[in-house]
Amino acid sequence: EILDTVRTDASGKFVCKVAVEEGQPEFIYLFHNDVKVASLLLEAGDKVAVEADTLGNFTVEGSEESLKLAQVEKDYAAVVARMDALAKKLEKASSDEAPALSKEIYNEYVAYYRSRVRYVMENSKSLTSVPVFYQVLGENLPVFGQMTDAIHFNNICDSLETVFPDSKYVKALRKEAEVRQSQMELNARLGTAEEIGFPDITLPDTKGNKMRLSDVEAKVVLVQFWTATEAAQKMF
């Protein structure tokens, strides 16, 4: 959401005010064209001074949370760069070199994951923990992608809700925590579920003859239920 646009003076300075409600800190990002030049996490009453260039390098004074957020983004950018470099080496590696590079990539992920778990635990009442939970390495490797990470989501939500009960970011994180908790519980039930047989239903085959599932001689049987009233379903 674009909050405002500003123009610097001849010396490159500008002043901007952003409305932040009490008890609801906001993530504010400054862009120069399409380049993000600064990331801020501001609370009501914060007055900060930002010095930035057009390449994304910046410093901030007057906001401890913004300093934490800057470090979070710096750590993330560093591990992404390291893993991208290793991935490129792996693409060109020989069959002898590939296993070692794959292990190195795995070790990078594990080390970073552990550091992020430590970060959210040490900053359980800081909103800077929220973006950490949504970090992704590469195209499809969430940092917090393990089933048991639901525990971390819930624990941090519990802590954040004591400080920022009305924050939209905390509410969104709670929804994610509930989804992950449900998935973890379902996985646990499936893992301990007793194996049972299937209902031996009787249906007509393509020739109109009635067949029972138990009469079908196959290791795997796919039963698809569909309705003739839906054109898309009749295409299968």
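Thresholds, definitions, all that
Residues numbered from 1 in each chain as written. Predicted model: local features only at pLDDT ≥ 70, side-chain atom pairs only at ≥ 80, totals over all residues. Heavy atoms only, no water. Salt bridge = Lys/Arg side-chain N within 4 Å of Asp/Glu carboxyl O. Helix = DSSP H or I, 4+ residues; strand = E, 2+ residues; numbered from the N terminus. Buried < 20%, exposed > 50% of the residue type's maximum accessible area, 1.4 Å probe, protein only. pLDDT = per-residue confidence, 0-100. Polar contact = N/O pair within 3.5 Å; in protein donor to acceptor, adjacent residues only side chain to side chain. Phe/Tyr/Trp six-rings, centres within 6.5 Å; stacked < 30°, edge-to-face > 60°. Expected span 1.5 Å × (residues − 1). Contact = heavy atoms within 4.5 Å. Axes fitted to C-alpha atoms, helices over the stretch in contact; angles between N-to-C directions. Parallel < 35°, antiparallel > 145°, perpendicular 65-115°, else oblique. Nonpolar A, V, L, I, M, F, W, Y, C, P; charged D, E, K, R; others polar.

1. Here's the deal with the pattern of salt bridges
Then comes step 1: Evaluated as defined, the whole model comprises nine salt bridges.
Then comes step 2: With its nearest N and O atoms 2.7 Å apart, the salt bridge here joins Asp158 to Arg174. On the criterion of sequence distance, the pair formed by Asp158 in helix H4 (residues 150-163) and Arg174 in helix H5 (residues 168-192) is long-range, its members being 16 residues apart.
Then comes step 3: The class of Arg174 is buried, set by a relative accessible area of 15%.
Then comes step 4: As a salt-bridge pair, Arg212 and Asp215 come within 3.3 Å of each other at their nearest N and O atoms.

2. Observations regarding the confidence of the model for the protein chain
Then comes step 1: Mean pLDDT over the protein chain stands at 91; residues scoring 70 or higher make up 99%.
Then comes step 2: Mean pLDDT across the secondary structure elements of the protein chain bottoms out at helix H6 (residues 231-234), with 73, and peaks at helix H3 (residues 129-133), with 97.

3. Here's the deal with the side chain of Ser129
Then comes step 1: You can see Ser129 is positioned in helix H3.
Then comes step 2: In this structure the side chain of Ser129 is engaged in a polar contact, spanning 2.8 Å, whose partner is the backbone oxygen of Asn123.

4. With respect to the packing of aromatic side chains
Then comes step 1: Scanning the model with the defined rule gives seven aromatic pairs in all.
Then comes step 2: With a centroid separation of 6.1 Å and an interplanar angle of 20 degrees, the aromatic rings of Tyr109 and Tyr113 are classed as stacked. Of the two residues, Tyr109 and Tyr113 both sit in helix H2 (residues 98-122), four residues apart, roughly one turn of that helix. There is no split in this pair, since Tyr109 and Tyr113 are both buried.
Then comes step 3: Considering the side-chain rings of Phe144 and Phe153, the 6.5 Å spacing of their centres and the 90 degrees angle between planes classify their relative orientation as edge-to-face.
Then comes step 4: Overall, Phe153 belongs to the buried group, its relative accessible area being 0%.
Then comes step 5: Each residue in the set Tyr109, Tyr113, Phe133, Tyr134, Phe144 and Phe153 is aromatic and connected to the rest through ring pairs, giving one cluster.

5. A look at unusual backbone geometry
Then comes step 1: Residue Asn33 is not a glycine yet carries a positive backbone phi of 60 degrees.
Then comes step 2: When you line up the elements, Asn33 lands in the loop between strand E1 (26-32) and strand E2 (35-42).
Then comes step 3: The class of Asn33 is exposed, set by a relative accessible area of 67%.

6. Things to note about helix H1 (residues 64-92)
Then comes step 1: With 29 residues, H1 extends 43 Å from end C-alpha to end C-alpha; this agrees with the ideal 42 Å at 1.5 Å per step.
Then comes step 2: For H1, the set of buried residues is Glu65, Ser66, Leu69, Val72, Val79, Met83 and Leu86.
Then comes step 3: Against the buried residues of H1 lie E1, E2, strand E4 (58-61), H2, H3 and strand E5 (136-137).

7. Concerning the packing of H1 against H2
For any two helices packed against each other, one specifies the inter-axial angle together with the distance between the axes.
Then comes step 1: At a minimum axis distance of 9 Å, the contact between H1 and H2 shows a crossing angle of 170 degrees. With respect to H2, the element H1 is oriented roughly antiparallel. Where H1 abuts H2, its residues Lys68, Val72, Asp75, Tyr76, Val79, Arg82, Met83, Leu86, Ala87, Lys89 and Leu90 lie against Ala98, Leu101, Ser102, Glu104, Ile105, Glu108, Tyr109, Tyr112, Arg116 and Tyr119.
Then comes step 2: For the contact of H1 with H2, the class distribution of residues is 13 nonpolar, one polar and seven charged.

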